[in-house]
Amino acid sequence: MPSSAAQARRSSHASEYLYPDHLREVAAALPRLPGVYTFHGVEGGLPLYIGKSINVRTRVMDHLRTREEASLLRQSRSISCVRTAGDLGARLLEAQLVKRQMPLYNRLLRKLPRQFSLRLYRGEVSVVNSADYELASAPMLYGLYSSERSALESLRRVADDQALCYSLLGLERLPKGRPCFRSMLRQCLGACCGKETPAEHELRLRAALAHLEVTAWPYGGRVAIEEAGEDMTQFHVVDNWAYHGSAPTLAKARGIKAAAEQFDRDSYKILRYALDRGTAVVHLLS
């Protein structure tokens with residue numbers, strides 16, 4: 001049964017919610033097509049929330065009917081939309097705008113003050129600050145994490161899944177040659193006490209981390225990823241996993257200057273997924 005406090009909170013939200021009639025007309029005018037939308041507040045059009053959808057109008061209408069978003073809706077005075085050819089462009093633009101404009105109600109996609117990865121070097125694993133490396137080309141970096149703690153938790157999960165040794169991974173201290181507690185429980189194959197060689201342990205570790213490895217940028221420079229939509233085509237300019245903008249033609253895409261964009265894990269994941277599918281049309285830019 002929900003607590004009385006939880007019931008009171010839900011009741012409070014319900015009593016505060018009023019359908020935002022002041023946004024009805026502008027929402028109805030939004031396109032039923034892909035794009036990125038922004039809820040703006042009073043002061044100079046302050047961005048309150050940025051989202052994306054393959055059907056902007058339907059998604060915005062969902063916001064207007066959501067009682068849990070009553071606070072956002074009360075503060076919003078207008079809604080703007082930037083069209084995109086499809087989902088890829090919408091995802092890239094949303095991630096870029098959230099980091100640049102830092103809207104009040106967005107919790108995901110915000111720019112991280114620091115970013116961490118696991119680094120494997122000569123059989124030893126360490127947590128490194130990703131800012132110290134060229135992530136688009138540095139080898140043997142695994143995962144993109146918002147904190148050192150989350151990186152270590154990921155490493156611990158890998159060790160548990162593959163019966164790797166906490167001691168050799170630096171997750172616990174142990175005198176050399178002494179079996180760890182997990183080996184006695186058969187949760188470690190015994191690299192800590194000679195039952196498995198360090199080389200064998202490292203091979204298993206590399207294989208276990210492979211799916212987390214940060215992939216090197218597969219092209220020699222800038223590319224334009226073509227995306228054809230229902231009523232428009234865009235060319236998304238990318239270099240070293242960094243998104244620099246989109247253009248309606250390949251000629252205009254060539255004119256987009258590379259901004260000083262740092263490696264962004266959200267753009268990396270979006271682009272990696274798009275390219276790994278093998279269906280993206282990629283144009284090399286000179």
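In what follows, the accompanying structure is described.

Conventions we followed
Sequence order as written defines the numbering, with residues in each chain counted from 1. Residues qualify for local features only when their pLDDT is at least 70, as the model is predicted, and side-chain atom pairs are given and counted only at 80 or more; totals for whole chains, interfaces and linings, by contrast, use all residues. Remark: hydrogens and water are excluded; side-chain values derive from all non-hydrogen atoms of the structure. Labels follow the DSSP assignment, with helices taken as runs of H or I lasting at least four residues and strands as runs of E lasting at least two, numbered in each case from the N terminus. C-alpha atoms define the radius of gyration in this analysis, and the globule rule sets the expected value at 2.2 Å times the number of residues to the power 0.38. For each residue, the accessible area found with a 1.4 Å probe, counting protein chains only, is set against the maximum for its type, and the residue is called buried under 20%, exposed over 50%, and partly exposed in between. Whether two residues are in contact is decided by their heavy atoms: any pair within 4.5 Å suffices. Only four residue types enter the tally: Lys and Arg on the positive side, Asp and Glu on the negative side; His and the chain ends are excluded. By convention, the charge on Lys lies at NZ, on Arg at CZ, on Asp at CG and on Glu at CD. The term salt bridge refers to a side-chain nitrogen of Lys or Arg lying within 4 Å of a carboxyl oxygen of Asp or Glu. For two strands to be treated as a pair, DSSP must find at least two bridges joining them. Axes here refer to lines fitted to C-alpha atoms; in helices the fit is confined to the stretch in contact. Angles between the N-to-C directions go from 0 to 180 degrees. Given a helix with a known number of residues, its expected span is that number minus one, times 1.5 Å.

## Remarks on the overall build of the chain
Secondary structure summary: the chain contains 10 helices and 10 strands in total. A compact globule built from 286 residues would reach a C-alpha radius of gyration of about 19 Å, whereas the chain, at 24 Å, exceeds it by more than 25%. Out of the 286 residues belonging to the chain, those deemed buried represent 42%. A fraction of 59% describes how many contacts in the chain between residues 6 or more apart in sequence connect residues 24 or more apart. The centroid of the 40 positive side-chain charges in the chain is displaced by 3 Å from the centroid of its 30 negative side-chain charges.

## Some remarks on the side chain of Thr38
Structurally, Thr38 can be placed in strand β1 (residues 35-40). On the basis of relative accessibility, which here comes to 7%, the residue Thr38 falls in the buried class. Those residues in contact with Thr38 that sit more than four places away from it in its chain are Pro47, Tyr49, Ile50, Ser78, Ile79 and Ser80.

## Some details on the pattern of salt bridges
A full pass over the atoms with the stated rule returns 12 salt bridges. Linking Lys99 and Asp264 is a salt bridge whose minimum nitrogen-to-oxygen distance equals 3.3 Å. Note that Lys99 is positioned in helix α5 (residues 87-101) and Asp264 in the loop between α9 (250-254) and α10 (265-276), a separation of 165 residues in sequence. A single burial state applies to Lys99 and to Asp264, both of which are buried. In this structure, the salt-bridge partner of Arg182 is Asp160, at a minimum N-O distance of 3.4 Å. Here Arg182, found in helix α7 (residues 181-184), pairs with Asp160, found in helix α6 (residues 148-162); they are 22 residues apart in sequence, far enough to count as distant.

## Looking at the sheet that holds strand β2 (residues 47-53)
Within the open sheet, the 3 strands sit side by side as β2-β1-β3. Their pairing is antiparallel. Only two strands of the sheet have a single partner each, and these edge strands are β2 and β3 (78-83). Shown here is a sheet whose adjacent strand axes are inclined to one another by a mean of 20 degrees, direction ignored. Most of the contacts of helix α3 (residues 56-64) go to β1, to which it runs at about 30 degrees, and overall it touches β1, β2 and β3.

## A few points about α6
For α6, built from 15 residues, the straight-helix expectation of 21 Å at 1.5 Å per residue is met to within 8% by its first-to-last C-alpha distance of 21 Å. Taken together, the buried positions of α6 are occupied by Ser150, Ala151, Ser154, Leu155, Val158 and Ala159. Positive phi shows up at Ala163, right after α6, with a value of about 55 degrees.

## A closer look at the environment of Asp160
Given the relative accessible area of 43%, Asp160 is considered partly exposed. Taking the C-alpha atoms as reference points, Asp160 and Arg206, 46 residues apart in sequence, are found 15 Å from one another.

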